[in-house]
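# Report on the structure
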Amino acid sequence: MKIDVHAAEHTPVYPANLRRRRCYLVISGHVKRLSDDGMALDPRSVDLSDKGVRQVRELSVMMQHVAFDRAVCSDYSCARQTANILLDEQESMLEQAKAFSDIKAGCFSKITPQHPDDRVCQAYETIGEGDGTFLGGEHWDSFENRVLEQFFRLIGEPAWRSLLLVSHDAVGRVLLAWAMGSDRHIMSSLKQDSACLNIIDLDVVGTQVLKRLVRAINITPYDLCKVADSQTVLTVS
């Protein structure tokens, strides 16, 4: 057998205090964005639809053997509901973080099913613009900063190893783009369906992240092969 005398030079040396931590990043289940009379609803207070509840319950079955030692969600009602279903009898451990709320749009109130606005389906196309906003609302720069700053705070708290984080489509895209080592321009390609699961592993020493591993993206137990619904979560419904 030929021995590579240089093999040791290429073998990574990991610090003794390195810890692998896992984030189960879940996107809120389906919600209705418009009332029965066609008016835009306040996304902060909208509950999961019946469809959304079914989606999350199917996800909870798949995740029933996953143990969490930390759980955080946004301050939206649908995110709290989603997290509570997944936590089952561990609801008391759930924390809320406003910084993980969805990106603020500026024109949803003007959109109805009778007058669909093409900008909704093009919403991520402004990511690359220097002063780009989400549908005339929140700037991409400030949104990305608030999401990542809050996530880095969580990383800086060493007590947890298995985190449940429940948030929203755009938040999930920001975190996945960071985990892939990319900038936010990739976000427009990172589809996030309602009640989907993403898994991100972090190799951490203290508060320093040495490695980021994306193990799963956009898993939806209710439609694993993505054949039932080709719409995006931004489609008005």
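Residues numbered from 1 in each chain as written. Predicted model: local features only at pLDDT ≥ 70, side-chain atom pairs only at ≥ 80, totals over all residues. Heavy atoms only, no water.

A count of helical and extended segments in the protein gives six helices and six strands. Secondary structure elements of the protein occur, N-terminal to C-terminal, as α-β-α-β-α-β-α-α-β-α-β-β. Across the 237 residues of the protein, 46% fall into the buried class. When contacts within the protein are restricted to residue pairs at least 6 apart in sequence, those whose partners lie at least 24 apart make up 71%. For the protein, the accessible surface area stands at approximately 12,500 Å², while carbon and sulfur atoms represent 51% of it. (Helix = DSSP H or I, 4+ residues; strand = E, 2+ residues; numbered from the N terminus. Buried < 20%, exposed > 50% of the residue type's maximum accessible area, 1.4 Å probe, protein only. Contact = heavy atoms within 4.5 Å. Areas by Shrake-Rupley, 256 points an atom, 1.4 Å probe, with all protein chains shown as cover.)

Turning to helix α3 (residues 77–87), a few remarks are in order. For α3, the set of buried residues is Ser77, Cys78, Ala79, Thr82, Ala83, Leu86 and Leu87. In the core, the buried residues of α3 are packed alongside β1 (19–27), α2 (50–62), β2 (70–73), β3 (94–96) and β4 (162–167). One or two residues past the end of α3 sits aspartate 88, with phi positive at roughly 55°.

This next bit is on the side chain of glutamine 192. For glutamine 192, the location among the structural elements is in the loop between α6 (169–179) and β5 (197–205). One polar contact links glutamine 192 to asparagine 198, side chain to side chain, over a distance of 2.7 Å. (Polar contact = N/O pair within 3.5 Å; in protein donor to acceptor, adjacent residues only side chain to side chain.)

At a minimum axis distance of 10 Å, the contact between helix α5 (residues 140–155) and α6 shows a crossing angle of 65°. Relative to α6, α5 is oriented roughly perpendicular. Here α5 runs over α6; the crossing is right-handed. Of the residues in α6, those in contact with Phe143, Glu144, Val147, Leu148, Phe151, Phe152 and Ile155 of α5 are Ala170, Val171, Val174, Leu175 and Trp178. Split by residue class, the contact of α5 with α6 holds 11 nonpolar, no polar and one charged. (Axes fitted to C-alpha atoms, helices over the stretch in contact; angles between N-to-C directions. Parallel < 35°, antiparallel > 145°, perpendicular 65-115°, else oblique. Left-handed = near helix turned anticlockwise from the far one by under 90°. Nonpolar A, V, L, I, M, F, W, Y, C, P; charged D, E, K, R; others polar.)

Moving on, we get to the nonpolar core. Counting residues in each nonpolar core, the largest one holds 34 residues, and the members touching the most others are Phe100, Trp140, Phe143, Phe151, Leu163, Leu165 and Leu175. Those elements that provide at least two residues to this core are β1, α5, β4, α6 and β5. Looking at this core, the element that brings in the most residues is α6, giving eight residues. Once you skip the residues sitting within four places of it in the chain, phenylalanine 151 turns out to touch Cys23, Phe100, Leu163, Leu165, Leu175, Trp178 and Leu202. Ranked by size, the runner-up nonpolar core spans 25 residues in total, among them Leu48, Val53, Phe68 and Leu197. (Core = buried A, V, L, I, M, F, W, Y, C linked by side-chain atoms within 4.5 Å.)

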